[in-house]
Amino acid sequence: MSDGSGDGTEEPLDEVGATAVGGSDELTHTDDEGDVQMVDVGDKPDTERRAVARGEITLKPSTVEAIRDDQVEKGDVLATARIGAVQAVKHTWETIPMCHQIPITNVDCEFDVREDRVTATVAVETTGKTGCEMEALEGVTTGLNVVWDMVKAAEKDADGQYPDTAIEDVSVVEKRKREH
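Rules behind the numbers
- Residues numbered from 1 in each chain as written.
- Predicted model: local features only at pLDDT ≥ 70, side-chain atom pairs only at ≥ 80, totals over all residues.
- Heavy atoms only, no water.
- Buried < 20%, exposed > 50% of the residue type's maximum accessible area, 1.4 Å probe, protein only.
- Helix = DSSP H or I, 4+ residues; strand = E, 2+ residues; numbered from the N terminus.
- Pairing = 2+ DSSP bridges.
- Phe/Tyr/Trp six-rings, centres within 6.5 Å; stacked < 30°, edge-to-face > 60°.
- Core = buried A, V, L, I, M, F, W, Y, C linked by side-chain atoms within 4.5 Å.
- Contact = heavy atoms within 4.5 Å.
- Salt bridge = Lys/Arg side-chain N within 4 Å of Asp/Glu carboxyl O.
- pLDDT = per-residue confidence, 0-100.

Remarks on the pairing of strand β3 (residues 117-128)
At step 1: Counting buried positions along β3 gives 10 out of 12 residues, so the element sits mostly inside the fold.
At step 2: Summarising the sheet, strand β1 (residues 47-58) and β3 pair through 12 bridges and their orientation is antiparallel. Bridged to arginine 49 within β3 is threonine 126.
At step 3: Alignment of strand β2 (residues 104-113) against β3, held across nine bridges, turns out to be antiparallel.

So, the packing of aromatic side chains
At step 1: One pass over the structure, following the stated rule, counts one aromatic pair.
At step 2: With a centroid separation of 5.4 Å and 75° between ring planes, the pair formed by tryptophan 148 and tyrosine 162 is classed as edge-to-face. Of this pair, tryptophan 148 sits in helix α4 (residues 133-155) while tyrosine 162 is found in the loop between α4 and β4 (166-179), placing the two residues 14 residues apart along the sequence.
At step 3: For tyrosine 162, a relative accessible area of 26% corresponds to the partly exposed category.

Remarks on the environment of isoleucine 57
At step 1: Mapped onto the secondary structure, isoleucine 57 falls in strand β1.
At step 2: Each C-alpha atom of the pair isoleucine 57 and arginine 117 lies 5.4 Å from the other, and the pair is 60 residues apart in sequence.

Here we look at the nonpolar core
At step 1: Core analysis: the biggest nonpolar cluster contains 28 residues, and Leu59, Ile67, Val77, Phe111 and Val147 have the highest contact counts within it.
At step 2: Listed by contribution, the elements that provide at least two residues to this core are β1, α1 (61-68), α2 (77-90), β2, β3 and α4.
At step 3: Take this core: its biggest share by element is eight residues, from α4.
At step 4: Filtering out sequence-adjacent residues up to four positions away, valine 77 remains in contact with Ile67, Val72, Val147, Met150 and Val151.

Considerations on unusual backbone geometry
At step 1: Of note, aspartate 70 is a non-glycine position whose phi angle comes to about 55°, a positive value.
At step 2: Counting through the fold element by element, aspartate 70 comes out in the loop between α1 and α2.
At step 3: For aspartate 70, a relative accessible area of 46% translates into the label partly exposed.
At step 4: One non-glycine residue, aspartate 169, lies in the positive phi region at around 55°.
At step 5: Turning to its location among the elements, aspartate 169 is positioned in strand β4.
At step 6: Judged by its relative accessible area of 58%, aspartate 169 is exposed.

Here we look at the environment of alanine 51
At step 1: The residue alanine 51 is located in strand β1 in this model.
At step 2: The buried category is assigned to alanine 51, whose relative accessible area is 1%.
At step 3: The sequence separation of alanine 51 and glycine 131 amounts to 80 residues, and the corresponding C-alpha distance is 7.6 Å.
At step 4: Other than its neighbours up to four places away in sequence, alanine 51 contacts Val122, Ala123, Val124, Cys132, Glu133, Ala136, Glu174 and Lys175.

Some thoughts on the pattern of salt bridges
Opposite charge on two side chains permits pairing when their charged atoms draw close.
At step 1: As enumerated under the stated definition, the model contains 10 salt bridges in all.
At step 2: Between glutamate 125 and arginine 50 there is a salt bridge, with its nearest N and O atoms 2.9 Å apart. Placement of glutamate 125 in strand β3 and of arginine 50 in strand β1 is noted, with a sequence separation of 75 residues between them.
At step 3: Overall, the relative accessible area of 22% leaves glutamate 125 in the partly exposed class.
At step 4: Note that glutamate 174 is salt-bridged to arginine 176, the shortest N-O span being 2.9 Å.

As for the confidence of the model for the protein
At step 1: Predicted confidence across the protein gives a mean pLDDT of 84, with 75% of residues reaching 70 or more.
At step 2: Mean pLDDT across the elements of the protein ranges from a minimum in helix α3 (residues 92-95), with 93, to a maximum in α2, with 98.
At step 3: Per-residue pLDDT stays below 50 along residues 1-24; that stretch engages in 44 contacts with residues further than four places along the chain or on separate chains.

This is the structure in structure tokens:
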């Protein structure tokens, strides 16, 4: 997506309410008394927006093999995780207090199964007044949590702990917007 200038470059996205407004020290998620508030985005123009988040869960190689071979007792791990990720994207506004309910136009969830880990990448698209990076992050973390839930019996050690299992490196890897 370009910024509309015709030079093919993408405009960096604003962080609506993330910390400060336009480089000032004014916080946007607090009022004059310091109370938390939702950011008013009513006057912002609608823009096409896309955010991509990625994260991974480390697992025992034997668990990864069971995922690949569709031999996990609970069922198809990645299909279930994909459903969980999409559901999380659609419900982000219900779990993160100051998030706006936004019109999700597309969710793409991909899993890369490696020797000792599964990487989840969730891309979210919307056309609206605020970004969708929190939705992408919610999709990734929930998708990975679903993987963990589906394979936890295989990941537990003799003491019922998870020494080889960890969700790590969750981050936003892309953010774009294009004004109409």
